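Below are the chains, spelled out letter by letter.
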Amino acid sequence: MTTLAAAGTALAACGGSGGGDANGEITGDDITLRFTWWGSDARHKRTQSVIAAFTKAHPNITIKGEFKEWNGYWDSLATTVAANDAPDIIQMDEMYLASYAERGALLDLKTASKHLSTADFDAKSLATGVIDDKQYGVPTGLTVFSLVANTDLLTQYRVTLPDDATWTWDDLKTVGQAVSKASGGKVNGLQSWGFDVGSVNIWARQHGAALYSAEGKVAIPEDVLTSYWQYLLDIAKDGTAPAPSVTVERAGGSVDQSGTATNTAAIGPWWASQLTSVQAASGENLKLLRLPGEAASATPAAYYKPSMFWSVSSRSKYPAEAALFVDYLVNNQEAANVIGVDRGVPANAKIRTAIASSLTGTDKAAADYLDAVEVGDSPRVTPNGASDVEAILKRHTEDVLFARKTPQVASQEFIKELQAAIDAA
């Protein structure tokens, strides 16, 4: 939980220009830009290298890095934004984009088009950072929702996968049941889900619906959400997926503790970009599969998820220079060579093609999968007030799995609770 709610009043008053012209001339004066991001030590080192290269080309611009761990990042950002002391360049997450953008804290990057080019970005990837026709974030990288299969386990238990270009959710259940039966329960066929909003988005879209309307209201029909939870309940009851206590324990742990990583589940749902870390933990051969149900869907339910965004503070005194640095991050080949796929498979299509030959193993598999999967239009950006949607989803999934609520009651209460959070923002 972040301090966004507590800072709401202050954030509401923080909009407007910081005094600079985002499309103005780049200054020749000595200036300092503050740049904040979260991530690992490896990410910090890569980012510092990119900063050094940029400032070498622009010696009058100093970039002051402010990096943090994920857990403290959002509290710190909310506090600085509320105090009108936000960093100039912000690494932003999709869940929080609207919370800041709709309170006037972020610059519409279309107003900085002179210094920030998005010509090499697919329209669907750019749309992930658009709210009310304003570009509040440029995606650093992209991923798509997928299934990951342990082909070693499938071979061991002599289970053959159907064609993943045409298979259905019933086909997935049948494969999962076959693995669970063949292993005598030692390995579950499926790793359960219900804790990531991506799976809800996919289920809704395959049923011709959406989690949110264009206006930012909860729009998923109750019967669609009920069928989502009924599927999860069914595979838990028949042993295709682990017992609820095991599922919930693993969902609260790290990637290394998941059924896929511990080789105790043959197939699991993951964002394609997670393949590298999951396979490193598993030590076995893993393969990305397309989602069941796509062949029968009227339009592709798969969609681009931004790994994260680059955003610029609306209060920056130097928005043109901040936009210039973002342009360097997303469009410069040298920067791309340093960053690699650390912030996702590059959203810039030209850069993605340029680094393709340098990718190997699971990084290459994730990039190839991204290019091969047909995607639909991006879902509506998570509305202001809905940043805690996954915490709400987790609670209701647990209630369904432990039979504290029926799928229908959970659906009714989830929709009501999520809408109330949006209305209160």
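Right above here is the structure, for reference.
Rules of the game
Residues numbered from 1 in each chain as written. Predicted model: local features only at pLDDT ≥ 70, side-chain atom pairs only at ≥ 80, totals over all residues. Heavy atoms only, no water. Helix = DSSP H or I, 4+ residues; strand = E, 2+ residues; numbered from the N terminus. Rg over C-alpha atoms; globule rule 2.2 N^0.38 Å. Buried < 20%, exposed > 50% of the residue type's maximum accessible area, 1.4 Å probe, protein only. Core = buried A, V, L, I, M, F, W, Y, C linked by side-chain atoms within 4.5 Å. Contact = heavy atoms within 4.5 Å. 1 Å grid on protein atoms, 1.4 Å probe; cavity = no way out; pocket = protein on both sides within 12 Å on 5 of 7 lines; lining within 4 Å. Points joined across faces, edges and corners; volume = space filled by probe spheres on them. Nonpolar A, V, L, I, M, F, W, Y, C, P; charged D, E, K, R; others polar. Pairing = 2+ DSSP bridges. Phe/Tyr/Trp six-rings, centres within 6.5 Å; stacked < 30°, edge-to-face > 60°.

Quick word on the overall build of the protein
For step 1, the next point in the chain: When its secondary structure is counted, the protein shows 17 helices and 14 strands.
For step 2, the next point in the chain: Over its C-alpha trace the protein gives a radius of gyration of 22 Å, about what one expects of a compact globule, namely 22 Å for 425 residues.
For step 3, the next point in the chain: Each principal axis of the C-alpha atoms in the protein carries an extent, and together these give about 70 × 50 × 35 Å.
For step 4, the next point in the chain: Counting the 425 residues in the protein, one finds 54% classified as buried.

Concerning unusual backbone geometry
For step 1, the next point in the chain: The backbone of Asn84 shows a phi angle near 55 degrees, a positive value even though the residue is not glycine.
For step 2, the next point in the chain: Among the secondary structure elements, Asn84 is positioned in the loop between helix 3 (70-82) and strand 3 (89-92).
For step 3, the next point in the chain: A positive phi angle, near 60 degrees, is found at Ala403, a position not held by glycine.
For step 4, the next point in the chain: Within the secondary structure layout, Ala403 lies in the loop between helix 16 (389-401) and helix 17 (407-424).
For step 5, the next point in the chain: For Ala403, a relative accessible area of 64% puts it in the exposed group.

Digging into the nonpolar core
For step 1, the next point in the chain: Met92, Tyr100, Leu172, Ile220, Trp229, Phe414 and Leu418 are the most contacted members of the largest nonpolar core, which totals 75 residues.
For step 2, the next point in the chain: Per-element tally for this core: the top contributor is helix 9 (residues 222-237), with nine residues.
For step 3, the next point in the chain: Beyond its immediate chain neighbours, meaning those up to four positions away, Phe414 contacts Leu211, Leu225, Trp229, Val389, Ile392, Leu393 and His396.

Overview of empty space enclosed by the protein
For step 1, the next point in the chain: Going through the model one piece at a time under the given rule, you end up with four cavities of 30 Å³ or more.
For step 2, the next point in the chain: When its volume is computed, the largest cavity comes out at roughly 150 Å³.
For step 3, the next point in the chain: Looking at the lining of the largest cavity, the elements with two or more residues in it are helix 12 (319-331) and helix 13 (333-339).
For step 4, the next point in the chain: For the lining of the largest cavity, the residue count by class is 10 nonpolar, four polar and one charged.
For step 5, the next point in the chain: Residues of the lining of the second largest cavity, tallied by class, amount to six nonpolar, three polar and one charged.

Overview of the environment of Met92
For step 1, the next point in the chain: Its location among the elements puts Met92 in strand 3.
For step 2, the next point in the chain: With 215 residues separating them in the primary sequence, Met92 and Ser307 have C-alpha atoms 9.4 Å apart.
For step 3, the next point in the chain: With residues up to four places along the chain from it excluded, the contact list for Met92 reads Trp38, Trp74, Leu77, Leu97, Tyr100, Leu106, Met308, Phe309 and Ser311.

Focus: the pairing of strand 8 (residues 145-150)
For step 1, the next point in the chain: Within strand 8, six of the six residues are buried, leaving the element largely enclosed by the surrounding structure.
For step 2, the next point in the chain: Alignment of strand 8 against strand 11 (residues 286-289), held across four bridges, turns out to be antiparallel. Following the sheet pairing, Leu147 is matched in strand 11 by Leu289.

Quick word on the packing of aromatic side chains
For step 1, the next point in the chain: Within the structure shown, the criterion is met by 22 aromatic pairs.
For step 2, the next point in the chain: Both rings, one in Trp229 and one in Phe414, keep their centres 5.9 Å apart while their planes meet at 80 degrees; by these two values the pair is edge-to-face. Residue Trp229 is found in helix 9, and its partner Phe414 is found in helix 17; the two are separated by 185 residues along the sequence. You'll find Trp229 and Phe414 in the same group, each marked buried.
For step 3, the next point in the chain: An aromatic cluster of three or more residues is present, and its members are Phe35, Trp37, Phe54, Phe67, Trp310, Phe325 and Tyr328.

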